[in-house]
Amino acid sequence: MNAAQRLCAFVTAALRRQKVRSCIDAGVSQYAPLSLRPLTCEVKAGHSLLFSTSLSCYQCFVGVPDSLRLCWGHILTEHNIRNVDACFRKLDRIFNNNERVTEAGRVGKGYDKQLKELLDAEIQPMVEEFDNKRTNDTVYEERLQTAADNFIAAASKLPRVSGCFPPCGFQSAGAVYNCITCQYDSCEFPLDCPIDEIKVMENSRSRMWCDVPFHLPNDIEVIWRFTEEVKTQQVDQFKEVTAGVDRLYSIPSTSLQHQGTYLCEIYSGQRSIVRLYYYITVTPQVVVGHTELQEIFDLSLLPGGRLLPAPGGPPSFPLPSPLLLTACLTASLLLLLLSLGVLYWSLIPEHPSLSEQADGDEDLGF
């Protein structure tokens, strides 16, 4: 490095130091090097920003003052100059843009405090050690990478999410901590569940249970709605039927007018949690009887009253056909009647006809 370059580096470092200290002395709370918050104090080297503007588990739990104390003594070994910008870029690479850190931070509800404790246990000793001390960048690299690895190993052992149950419903109990937003995310399922199709016979009893596999709050309200005939999930087409806390909807005797889509919507605190849909198809009893007769007739047309075997299935056994039995019984009765008729006529004695009797009388001279 020539004299001009060293002078430029010195001036740049001095400007940075003056700018950063002015921000600290002014007590600027928005000066967040690793956050999405607006930067009121900004240091530039050429055309690059001094600090990253992305979030991470590091930013969620490590305060700005501690980050500045940590990076203030960062020295570029090659040039032997202080470079805070490079330190924050190093933090950005090791923590912010590290998918393993983000994934390790996806803990269950209420375990974000443990995340902070784990990260403080790795970062705070370095803050105390590096504060106001010149430390080479190679040492920073090794120590920060070790801290990230230790955090990943420890955070990965924390309880994960209690469970998201697909495919629908707002499930707050299944939320996971998100190191990108520093808050808990929901399971991100839609409110509308797929339509459940139910087939029932006319005059039979129908039941629909508005149940979900995830935990529900204690203050729920259940509203049942119905739209006749159509199969739809358009909420504006439904009319309210009942409202209360009963999640069971029962139809004692189902008729054709009950055919259509039923909607069960569960609320908690005026907020919809889930919408379940049931489409009921009602089969008339006349159709049921006709179908049974048609099956009997089709069965009687098969040879020997046997069912056709399914491909690759076991051979079928002869089954008696009601119509076939009736035909056999009728034929047997006809045969019996014919036999009795023949027997009857065979027992009647033969008598001479009238013409033969007249000829006999002439021979006798009458």
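### Digging into the side chain of Arg225
1) Next: Along the chain, Arg225 falls in strand 10 (residues 220-228).
2) Next: Residue class for Arg225 comes out buried when judged on its relative accessible area of 13%.
3) Next: One polar contact links Arg225 to Glu265, side chain to side chain, over a distance of 2.8 Å.
4) Next: Apart from the residues lying within four places of it in its own chain, the contact partners of Arg225 are Phe238, Lys239, Glu240, Val241, Thr261, Tyr262, Leu263, Glu265 and Tyr267.

### A look at the packing of aromatic side chains
1) Next: For the structure shown, the criterion picks out 9 aromatic pairs.
2) Next: Arranged with centres 5.7 Å apart and planes meeting at 25°, the rings of Phe61 and Tyr177 form a pair that is stacked. Of the two residues, Phe61 sits in helix 2 (residues 57-61) while Tyr177 sits in strand 6 (residues 176-178), which places them 116 residues apart along the sequence. For the residue pair Phe61 and Tyr177, the accessibility class agrees, reading buried in each case.

### Notes on the confidence of the model for the protein chain
1) Next: In this model, the protein chain carries a mean pLDDT of 77, and residues with pLDDT of at least 70 account for 70%.
2) Next: The model gives residues 1-54 a pLDDT under 50, and that stretch makes 82 contacts with residues more than four places away or in other chains.

### Regarding unusual backbone geometry
In terms of backbone geometry, most residues other than glycine have negative phi values and most peptide bonds are trans.
1) Next: The omega torsion of the bond from Pro166 to Pro167 falls at 10°, within 30 degrees of zero and hence cis.
2) Next: Checked against the element boundaries, Pro167 lands in the loop between helix 7 (137-155) and strand 6.
3) Next: One non-glycine residue, Glu229, adopts positive backbone phi at about 75°.
4) Next: Relative to the elements of secondary structure, Glu229 occurs in the loop between strand 10 and strand 11 (239-244).
5) Next: With a relative accessible area of 42%, Glu229 lands in the partly exposed category.

### Topic: the pairing of strand 12 (residues 248-251)
1) Next: With burial as the criterion, only one face of strand 12 is covered, namely that bearing Tyr249 and Ile251; the residues Leu248 and Ser250 on the opposite face remain uncovered.
2) Next: Sheet topology places strand 9 (residues 206-209) next to strand 12; 4 bridges connect them, and they run antiparallel. Bridging from a neighbouring strand, Met208 pairs with Tyr249 of strand 12.

### Remarks on the nonpolar core
One broad trend across soluble globular proteins is that nonpolar side chains are buried collectively.
1) Next: Counting residues in each nonpolar core, the largest one holds 34 residues, and the members touching the most others are Leu70, Phe95 and Ile123.
2) Next: Put simply, the parts of the chain that give this core at least two residues each are helix 2, helix 3 (64-71), helix 4 (84-96), helix 5 (99-104), helix 6 (112-130) and helix 7.
3) Next: Looking at which element gives the most residues to this core, the answer is helix 7, with 7 residues.
4) Next: Apart from the residues within four sequence positions on either side, Ile123 is in contact with Tyr58, Val62, Leu70, Phe95 and Ala147.
5) Next: Core analysis: the next-biggest nonpolar cluster, separate from the first, contains 23 residues, Cys193, Val200, Ile266 and Ile273 among them.

### Some thoughts on the sheet that holds strand 10
Sheet strands pair via backbone hydrogen bonds, and the direction of the pair is either parallel or antiparallel.
1) Next: Strand order in the open sheet made by the 5 strands is 8-14-13-10-11, with mixed pairing throughout. Two strands lie at the open edges of the sheet, namely strand 8 (192-201) and strand 11, each paired on one side alone. Neighbour-to-neighbour, the strand axes of this sheet turn through a mean angle of 20°, independent of strand direction.
2) Next: Direction of pairing for strand 10 relative to strand 13 (residues 260-268): antiparallel, over a ladder of 9 bridges. Residue pairing across strands places Ile220 opposite Ser268, the latter belonging to strand 13.

### Digging into the packing of helix 4 against helix 7
1) Next: Contact geometry for helix 4 and helix 7: axes closest at 10 Å, N-to-C directions at 25°. Comparing their axes, helix 7 and helix 4 come out roughly parallel. Helix-helix and strand crossings are classified by hand; for helix 4 and helix 7 the assignment is right-handed. When helix 4 is examined against helix 7, the residues Cys87, Lys90, Leu91, Arg93, Ile94 and Phe95 are found in contact with a partner set consisting of Asp137, Tyr140, Glu141, Leu144, Gln145, Ala147 and Ala148.
2) Next: Residue composition of the contact of helix 4 with helix 7, by class: 8 nonpolar, 1 polar and 4 charged.

### Observations concerning the pattern of salt bridges
1) Next: On inspection of all chains with the given rule, the structure shows 14 salt bridges.
2) Next: Between Glu141 and Lys90 there is a salt bridge, with the nearest N and O atoms lying 3.6 Å from each other. With Glu141 in helix 7 and Lys90 in helix 4, this pair connects stretches of sequence that are 51 residues apart.
3) Next: With relative accessibility at 25%, the residue Glu141 sits in the partly exposed group.
4) Next: Close ionic contact of Glu129 with Arg143 constitutes a salt bridge, the shortest N to O distance being 3.0 Å. Of this pair, Glu129 sits in helix 6 while Arg143 is found in helix 7, placing the two residues 14 residues apart along the sequence.
5) Next: Judged by relative accessible area, which is 35%, Glu129 ranks as partly exposed.
6) Next: In this structure, a network of salt bridges that share partners links the residues Asp66, Arg69, Glu128 and Asp131.

How each quantity is defined
Residues numbered from 1 in each chain as written. Predicted model: local features only at pLDDT ≥ 70, side-chain atom pairs only at ≥ 80, totals over all residues. Heavy atoms only, no water. Helix = DSSP H or I, 4+ residues; strand = E, 2+ residues; numbered from the N terminus. Buried < 20%, exposed > 50% of the residue type's maximum accessible area, 1.4 Å probe, protein only. Polar contact = N/O pair within 3.5 Å; in protein donor to acceptor, adjacent residues only side chain to side chain. Contact = heavy atoms within 4.5 Å. Phe/Tyr/Trp six-rings, centres within 6.5 Å; stacked < 30°, edge-to-face > 60°. pLDDT = per-residue confidence, 0-100. Pairing = 2+ DSSP bridges. Core = buried A, V, L, I, M, F, W, Y, C linked by side-chain atoms within 4.5 Å. Axes fitted to C-alpha atoms, helices over the stretch in contact; angles between N-to-C directions. Parallel < 35°, antiparallel > 145°, perpendicular 65-115°, else oblique. Left-handed = near helix turned anticlockwise from the far one by under 90°. Nonpolar A, V, L, I, M, F, W, Y, C, P; charged D, E, K, R; others polar. Salt bridge = Lys/Arg side-chain N within 4 Å of Asp/Glu carboxyl O.

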